[in-house]
Amino acid sequence: MFKILGLDHVVLRVADVARMRRFYCDVLGCTVERDRGDIGLTQLRAGASLIDLIAIESEIGRKLGAGPGPAGGRNLDHFCLRIDPFDPGALAAHLGAYGVTPGQIAPRYGADGTGPSMYISDPEGNTVELKGPPTP
């Protein structure tokens, strides 16, 4: 039939597109792939995948209801970005420079096996997992 090749994109409904764009680009290193301000969509490149930011006040965002998620709640539990290298000291220093509190590092299972990861929060409370390579 077909096989899944990987994560294509994640869509976040957001209240402040500019703030979220700064976080994902400046802190996490994404780049702007496309900016469709006319429809309230900003697409950020995250490696081989995209993170789509939908402004909740835009035409698209209003169609989906109040707040960033259903009934004003969050719209997902978390998503994971595979990063390389995973240097805990450098990562903590980098995140701290942007006022982001690094989470506890623990081995967690992901698409390529068990490896170190940490959870952080973006400016609107979405949980982002940063995951390193699998441990041998």
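One can find the structure itself at the top, above this paragraph.
Lay out the pairing of strand E4 (residues 49–55) in plain terms, naming residues and giving numbers.
Two faces make up the sheet, and in a regular strand the side chains alternate between them. Burial analysis of E4 places seven of its seven residues in the buried class, which makes it a mostly covered element. Burial along E4 is two-sided: Ser-49, Ile-51, Leu-53 and Ala-55 facing one way and Leu-50, Asp-52 and Ile-54 facing the other are all buried. Of the strand pairs in this sheet, strand E1 (residues 9–14) and E4 are connected by six bridges, and their pairing is parallel. Looking at the pairing, His-9 lines up with Leu-50 of E4. Pairing of strand E3 (residues 41–46) with E4, which is carried by six bridges, proceeds in the antiparallel orientation. Bridge pairing in E4 places Leu-41 opposite Ile-54. Adjacent in sequence and paired antiparallel, E3 and E4 are bridged by two residues, among which Gly-47 carries a positive phi angle near 65°.

How would you explain the layout of surface pockets if you had to name every residue and give the values?
Taken as a whole, the largest pocket encloses approximately 610 Å³ of empty space. Along its surface, the largest pocket is lined by 30 residues, and Ala-46, Cys-80, Leu-81, Arg-82 and Ile-83 are the ones closest to its centre. Only E3, E4, strand E5 (78–82), helix H3 (88–97), strand E6 (106–110) and strand E8 (127–131) provide two or more residues apiece to the lining of the largest pocket.

The rules behind these values
- Residues numbered from 1 in each chain as written.
- Predicted model: local features only at pLDDT ≥ 70, side-chain atom pairs only at ≥ 80, totals over all residues.
- Heavy atoms only, no water.
- Buried < 20%, exposed > 50% of the residue type's maximum accessible area, 1.4 Å probe, protein only.
- Helix = DSSP H or I, 4+ residues; strand = E, 2+ residues; numbered from the N terminus.
- Pairing = 2+ DSSP bridges.
- 1 Å grid on protein atoms, 1.4 Å probe; cavity = no way out; pocket = protein on both sides within 12 Å on 5 of 7 lines; lining within 4 Å.
- Points joined across faces, edges and corners; volume = space filled by probe spheres on them.

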